[in-house]
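Okay, here's what each chain looks like letter by letter:
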Amino acid sequence: MIKVSPSILAADPLKMGAEVRRMTDAGCDWLHVDIMDAHFVPNLSFGPSLVKALKPVAGVPLDVHLMMDNPGQYIEAFIKNGADIVTIHAEIPEDTEALLKRIRLLGAMAGLSIKPGTAAEVIRPLLPLCDLVLVMTVEPGFGGQSFRADCADKVAALRQMGYKGLIEADGGVSLSNLPMLKEKGLDVAVMGTALYKSEHPKEDIDSVHAL
Ligand code: DX5
Ligand code: ZN
């Protein structure tokens, strides 16, 4: 069954508590929290204090996506505040191998994300350290972008490499492209706009679970 991880970047920031409950009441499996540092991506979003505020109300694992150049300085804060999955980017100017090990040591699941321009082959040596690989299906930085089908083949490529961990897709994911993504071996769907703009998120999440 494909897990659904709604991205709160698409939520109304003035009603964050209610927006989270809207998705958890609709049966989501995780909650995707996009952290942007206005450096690695041209946007600025949330910090560890939002994760701390979300933890007692979410009731589902917090799937924290660190779109930052220097996640090493913040990993501990995010995990101490309640992050269950912490995903860093393969493209950062830091020692990703050491960071993945540190995330696991601190008790969270270690995720590694690749942007559209990064081939799956690039992260092959790091796969044993990844509980999750996050395949970006848009250029990171903004919600509401169009799905990039050219990135979907990376899901199949990771499976062909023998990767048995979780694979998550992120960016423009919807019920229209999820059957193809499931076919290629996807486990988790990040859905921002597709769910937060939906009139019937529960039916949509049920449909994803039924794929
Ligand atoms: C983009 C973020 C995604 C985005 C998903 O940089 O990492 O998680 O919020 O939103 P949608 O589903 O609207 O593309
Ligand atoms: Zn994300």
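Provided above is the structure to which this section pertains.
(A) Here's a closer look at the sheet that holds strand E5 (residues 109–114). Across the sheet, which stays open at both edges, the 8 strands sit in the order E1-E8-E7-E6-E5-E4-E3-E2 with parallel pairing between neighbours. The sheet is open, and its two edges are formed by strand E1 (3–6) and strand E2 (31–36), each paired on a single side. Averaged over neighbouring strand pairs, the angle between their axes works out to 25° when direction is ignored. Its contacts with the sheet place helix H2 (residues 48–58) against E2 and strand E3 (62–67), and it is angled at close to 160° to E3. Seen against the sheet, helix H4 (residues 96–105) touches strand E4 (85–89) and E5 and runs at an angle of roughly 145° to E5.

(B) Up close: the nonpolar core. Of all hydrophobic cores here, the largest spans 64 residues; its most connected members are Ile8, Leu54, Val64, Leu66, Leu158, Leu178 and Leu186. With residues up to four places along the chain from it excluded, the contact list for Leu178 reads Ile2, Val173, Leu186, Ala189, Met191, Val208 and Leu211. In this structure, Trp30, Leu134, Met136 and Val138 belong to the second largest nonpolar core, which totals 8 residues.

(C) How the structure looks around the packing of aromatic side chains. Per the stated rule, a full pass over the model turns up 0 aromatic pairs. One cation-aromatic arrangement involves Lys115 over Phe40; the distance from NZ or CZ to the ring centre is 5.0 Å.

(D) Summary view of the coordination of the zinc ion (ligand 2). Within the first shell, the zinc ion (ligand 2) binds the protein through His32 (NE2), Asp34 (OD), His65 (ND1) and Asp170 (OD), at distances of 2.1 to 2.3 Å. Its 6 donor atoms give the zinc ion (ligand 2) angles of 72 to 176° at the centre, a pattern that matches the octahedral case. Mapped onto the polypeptide sequence, the residues donating to the zinc ion (ligand 2) form the spacing pattern H-x1-D-x30-H-x104-D. Remark: Asp170 occurs in strand E7 (residues 166–170) and His65 occurs in strand E3; sequence separation between them is 105 residues.

(E) Fine view of the packing of helix H1 (residues 16–25) against H2. Close contact between H1 and H2 brings their axes to 10 Å; oriented N to C, the two are set at 45°. Looking at the two axes, H1 sits oblique to H2. You can see that H1 and H2 cross each other, and the crossing is right-handed. Residues Met16, Val20, Arg21 and Thr24 of H1 pack against Leu50, Leu54, Val57 and Ala58 of H2. For the contact of H1 with H2, the residue count by class is 6 nonpolar, 1 polar and 1 charged.

(F) A look at the side chain of Ser7. Relative to the assigned elements, Ser7 resides in the loop between E1 and H1. According to the relative accessible area criterion, Ser7 is buried, its value standing at 6%. Setting aside residues no more than four positions away along its own chain, Ser7 makes contact with His32, Asp34, Val190, Met191, Gly192 and Tyr196.

(G) Structural context of the site of ligand 1. Ligand 1 sits among 20 residues. The nearest are Asp34, Gly141, Asp170, Gly192 and Thr193. Taking Gly141, its main chain carries an N or O atom lying 2.7 Å from an oxygen atom of ligand 1. Interatomic distance of 2.6 Å between a side-chain N/O atom of Asp170 and an oxygen atom of ligand 1. Relative to its unbound accessible surface of 380 Å², ligand 1 loses 99% to contact with the protein. Of all elements in the fold, only E2, E3 and strand E8 (188–191) reach the threshold of two or more residues within the shell around ligand 1. The dominant element in the shell around ligand 1, judged by the number of residues it contributes, is E2, at 3 residues. Residue composition of the shell around ligand 1, grouped by class: 8 nonpolar, 10 polar and 2 charged.

(H) Highlighting the environment of Ser198. Note on placement: Ser198 falls in the loop between helix H7 (193–196) and helix H8 (201–210). Residue classification places Ser198 among the buried positions, given a relative accessible area of 11%. With residues near it in sequence (within four places) discarded, Ser198 still touches Arg22, Thr193 and Asp204.

Calculation notes
- Residues numbered from 1 in each chain as written.
- Chains lettered and ligands numbered in written order.
- Predicted model: local features only at pLDDT ≥ 70, side-chain atom pairs only at ≥ 80, totals over all residues.
- Heavy atoms only, no water.
- Pairing = 2+ DSSP bridges.
- Helix = DSSP H or I, 4+ residues; strand = E, 2+ residues; numbered from the N terminus.
- Axes fitted to C-alpha atoms, helices over the stretch in contact; angles between N-to-C directions.
- Contact = heavy atoms within 4.5 Å.
- Core = buried A, V, L, I, M, F, W, Y, C linked by side-chain atoms within 4.5 Å.
- Buried < 20%, exposed > 50% of the residue type's maximum accessible area, 1.4 Å probe, protein only.
- Phe/Tyr/Trp six-rings, centres within 6.5 Å; stacked < 30°, edge-to-face > 60°.
- Lys NZ or Arg CZ within 6 Å of the ring centre and 35° of its normal.
- Donors = N, O, S within 2.8 Å, 3.2 Å for Na, K, Ca; no water.
- Tetrahedral: all angles 85-135°; square planar, octahedral: opposite > 155°, others 65-115°.
- Parallel < 35°, antiparallel > 145°, perpendicular 65-115°, else oblique.
- Left-handed = near helix turned anticlockwise from the far one by under 90°.
- Nonpolar A, V, L, I, M, F, W, Y, C, P; charged D, E, K, R; others polar.
- Near = heavy atom within 4 Å.
- Polar contact = N/O pair within 3.5 Å; in protein donor to acceptor, adjacent residues only side chain to side chain.
- Areas by Shrake-Rupley, 256 points an atom, 1.4 Å probe, with all protein chains shown as cover.

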